[in-house]
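Residues per chain, in single letters:
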Amino acid sequence: MAVILVVEDDVFIRQLAELMILDWGHHILSACDVPEALIHLRSSHHIDVLFTDVGLKAEKHGGCDVAREAISLRPGLRVLYTTAIRGTDKLHALFAAGTRFLPKPYTEDQLGLSVQSLLAA
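Everything in this summary refers to the structure shown in the same document. (Residues numbered from 1 in each chain as written. Predicted model: local features only at pLDDT ≥ 70, side-chain atom pairs only at ≥ 80, totals over all residues. Heavy atoms only, no water.)

**So, a nonpolar patch on the surface**
For step 1, the next point in the chain: A cluster of nonpolar side chains, V11, F12 and L16, forms an exposed patch at the surface whose accessible area comes to about 290 Å².
For step 2, the next point in the chain: Structurally, the position occupied by V11 is in helix 1 (residues 11–23).
For step 3, the next point in the chain: On the accessibility criterion, V11 (45% relative accessible area) is partly exposed. (Patch = residues over 30% accessible without salt bridge, like charges linked within 9 Å, V, L, I, M, F, W, Y side chains within 5 Å. Areas by Shrake-Rupley, 256 points an atom, 1.4 Å probe, with all protein chains shown as cover. Salt bridge = Lys/Arg side-chain N within 4 Å of Asp/Glu carboxyl O. Helix = DSSP H or I, 4+ residues; strand = E, 2+ residues; numbered from the N terminus. Buried < 20%, exposed > 50% of the residue type's maximum accessible area, 1.4 Å probe, protein only.)

**Points about the packing of helix 2 (residues 34–42) against helix 3 (residues 63–73)**
For step 1, the next point in the chain: Across the interface, helix 2 lies against helix 3 with an axial gap of 10 Å and an inter-helix angle of 15°. By the criterion of interaxial angle, the relationship of helix 2 to helix 3 is roughly parallel. Crossing handedness for the pair helix 2 and helix 3: right-handed. For the pair formed by helix 2 and helix 3, the contact residues are V34, A37, L38, L41 and R42 on the first element and V66, E69, A70 and L73 on the second.
For step 2, the next point in the chain: Residue classes in the contact of helix 2 with helix 3 are distributed as seven nonpolar, no polar and two charged. (Axes fitted to C-alpha atoms, helices over the stretch in contact; angles between N-to-C directions. Parallel < 35°, antiparallel > 145°, perpendicular 65-115°, else oblique. Left-handed = near helix turned anticlockwise from the far one by under 90°. Contact = heavy atoms within 4.5 Å. Nonpolar A, V, L, I, M, F, W, Y, C, P; charged D, E, K, R; others polar.)

**Quick look at the nonpolar core**
For step 1, the next point in the chain: By size, the foremost hydrophobic cluster in this structure holds 20 residues, and its most contacted members are L5, V7, L41, L50 and V66.
For step 2, the next point in the chain: Elements with a contribution of two residues or more to this core: strand 1 (3–7), strand 2 (27–31), helix 2, helix 3 and strand 4 (78–83).
For step 3, the next point in the chain: In contact with L5, not counting residues within four places along its chain, are L29, S30, A31, A37, H40, L41, I47, V49, L50 and F51.
For step 4, the next point in the chain: Core analysis: the next-biggest nonpolar cluster, separate from the first, contains 14 residues, I4, A17, I21 and L102 among them. (Core = buried A, V, L, I, M, F, W, Y, C linked by side-chain atoms within 4.5 Å.)

Listed below in structure tokens is the structure:
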């Protein structure tokens, strides 16, 4: 069982993602914004995967900021991005960096397989 930090500002989507991940047998840490995510990342909690929305509404760079800080604090941390935004420069930059990406809307199987793929890498 892995520990997944879910960072999503839409409470409904966050709770749904958490339920999906729990169904796959993993543990959840949850955050609604960058500051809350950083509390988890700076803690002593073990975290295997960061699953973050690219477009956190209250943040300038959203999930990209979370991921950048997460990798700085925890080198080697696996990151899975998600967003409903299509065709932006931000997304192209993520793909160029080889980042794992799961577009919204996603199914439970798609999320579970994306997490499993990251864990196996």
